[in-house]
Amino acid sequence: MVTALYPGSFDPVTMGHVDITTRAAALFDKVIVAVYATPSKSLLFDADERVQLYKDAVPNVPNVEVIKFEGLVVRLAQDLNVEVIVRGLRSGSDFEYEFDMAFMNRRLAPGIDMAFFMTSQEHMFISSSLLKEVARLGGDVTGMVPPHVAEAVYNKFG
Ligand code: COA
């Protein structure tokens, strides 16, 4: 049985993240989505809200579990006995960022490998920061996030 860990800030989960989760869940026996509680970016949603929004975004994928975590992602992977970390890639700049993290993670925990999923074309331009800015300014984020996430984002901005 191969379980994969899919870590991220997910502030909030987007259709891009849902796409990666669904594809990873088709390939691995189980996917644990790990919501990083304390990223250095400024957050719109607290960790519990991000976990709940994620759970509600993948209600029909039975082999996906959503948890929150603090500390090193490789330590979490070791604690959970997971040997694969999944990440999504959209562009060359994502690659450079992921490249650095992958090598650091490999150095910290050589037994844990990475699996990268190329994003689907329709999600290439989506990022949590950009969609929050669009929503804050009253723009339409339909289709970039699941409907319940769009509602939660608009509620935050009143
Ligand atoms: N489609 C659309 N958008 C995507 C996407 C996809 N397939 N994949 C990522 N994104 C976007 C996100 O919306 C997000 O946008 P934003 O930066 O505007 O908010 C951005 O790409 C990356 O977000 P996310 O996927 O949530 O990852 P992250 O970079 O916030 O997460 C962690 C990084 C949590 C994995 C990393 O910081 C970590 O491992 N932290 C734990 C501590 C640790 O171990 N540190 C050492 C690491 S070497």
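Everything numeric here is computed off the predicted structure, so don't read it as measured data. (Residues numbered from 1 in each chain as written. Predicted model: local features only at pLDDT ≥ 70, side-chain atom pairs only at ≥ 80, totals over all residues. Heavy atoms only, no water.)

Side note on the site of the ligand
Thought 1: Every one of the 26 residues lining the ligand counts as a neighbour, but S9, R90, Y97, S128 and S129 are closest to it.
Thought 2: With respect to the ligand, the backbone of F10 contributes an N or O atom lying 3.1 Å from an oxygen atom.
Thought 3: Note that an oxygen atom of the ligand is positioned 2.4 Å from one of the side-chain N or O atoms of S129.
Thought 4: Coverage of the ligand by the protein amounts to 86% of the 940 Å² it exposes when considered alone.
Thought 5: Elements supplying a minimum of two residues to the shell around the ligand: β1 (3-8), α1 (15-27), α4 (92-108) and α5 (128-136).
Thought 6: Counting residues per element, the shell around the ligand draws most heavily on α4, which supplies four residues.
Thought 7: Looking at side-chain class alone, the shell around the ligand contains eleven nonpolar, twelve polar and three charged residues. (Near = heavy atom within 4 Å. Polar contact = N/O pair within 3.5 Å; in protein donor to acceptor, adjacent residues only side chain to side chain. Areas by Shrake-Rupley, 256 points an atom, 1.4 Å probe, with all protein chains shown as cover. Helix = DSSP H or I, 4+ residues; strand = E, 2+ residues; numbered from the N terminus. Nonpolar A, V, L, I, M, F, W, Y, C, P; charged D, E, K, R; others polar.)

Topic: a nonpolar patch on the surface
Thought 1: Judged by side-chain polarity, L72, M104 and L108 come together as a nonpolar surface patch covering roughly 270 Å² of accessible area.
Thought 2: Tracing the backbone shows L72 in the loop between β3 (64-69) and α3 (73-79).
Thought 3: Given the relative accessible area of 39%, L72 is considered partly exposed. (Patch = residues over 30% accessible without salt bridge, like charges linked within 9 Å, V, L, I, M, F, W, Y side chains within 5 Å. Salt bridge = Lys/Arg side-chain N within 4 Å of Asp/Glu carboxyl O. Buried < 20%, exposed > 50% of the residue type's maximum accessible area, 1.4 Å probe, protein only.)

Some remarks on the packing of aromatic side chains
Thought 1: Counted under the stated rule, the structure contains five aromatic pairs.
Thought 2: Note on Y6 and F10: the rings are 5.2 Å apart at their centroids and 70° apart in plane angle, and the pair reads as edge-to-face. Of the two residues, Y6 and F10, neither departs from the other in class, the shared state being buried.
Thought 3: Taking the centre distance of 5.4 Å and the plane angle of 40° together, the rings of F95 and F99 count as tilted. Of the two residues, F95 and F99 both sit in helix α4, four residues apart, roughly one turn of that helix.
Thought 4: Pairwise contacts between aromatic rings join Y6, F10 and Y54 into one cluster. (Phe/Tyr/Trp six-rings, centres within 6.5 Å; stacked < 30°, edge-to-face > 60°.)

Digging into the pairing of β3
Thought 1: Two strands pair when backbone bridges link them, and strand β2 (residues 30-36) and β3 are joined in this way by six bridges, in the parallel orientation. Its bridge partner being in β3, A34 is matched across the sheet by I67.
Thought 2: Of the crossover connections in this fold, the one passing from β2 over helix α2 (residues 47-57) to the parallel β3 is right-handed. (Pairing = 2+ DSSP bridges. Right-handed = clockwise from strand over helix to strand, strands pointing away.)

Points about the pairing of strand β5 (residues 113-118)
Thought 1: Here strand β4 (residues 84-89) runs beside β5; their pairing, made up of six bridges, is parallel. Bridging across to β5, V84 finds its partner in D113.
Thought 2: Between the parallel pair β4 and β5, the chain is carried across by α4, and the sense of this crossover is right-handed.

Some details on the sheet that holds β4
Thought 1: What the five strands build is an open sheet, ordered β3-β2-β1-β4-β5; its pairing is parallel. At either end of the open sheet lies a strand with only one pairing partner, and these are β3 and β5. Each strand axis lies, on average, 30° off the axis of its neighbour in the sheet, ignoring direction.
Thought 2: In this sheet, β2 lies alongside β1 in parallel orientation, the contact comprising six bridges. Following the sheet pairing, Y6 is matched in β2 by V33.
Thought 3: Of the strands in this sheet, β1, β2, β3, β4 and β5 touch α1, which is tilted by about 120° from β5. (Axes fitted to C-alpha atoms, helices over the stretch in contact; angles between N-to-C directions. Contact = heavy atoms within 4.5 Å.)

All quantities given are derived from atomic positions and should not be read as evidence of function.
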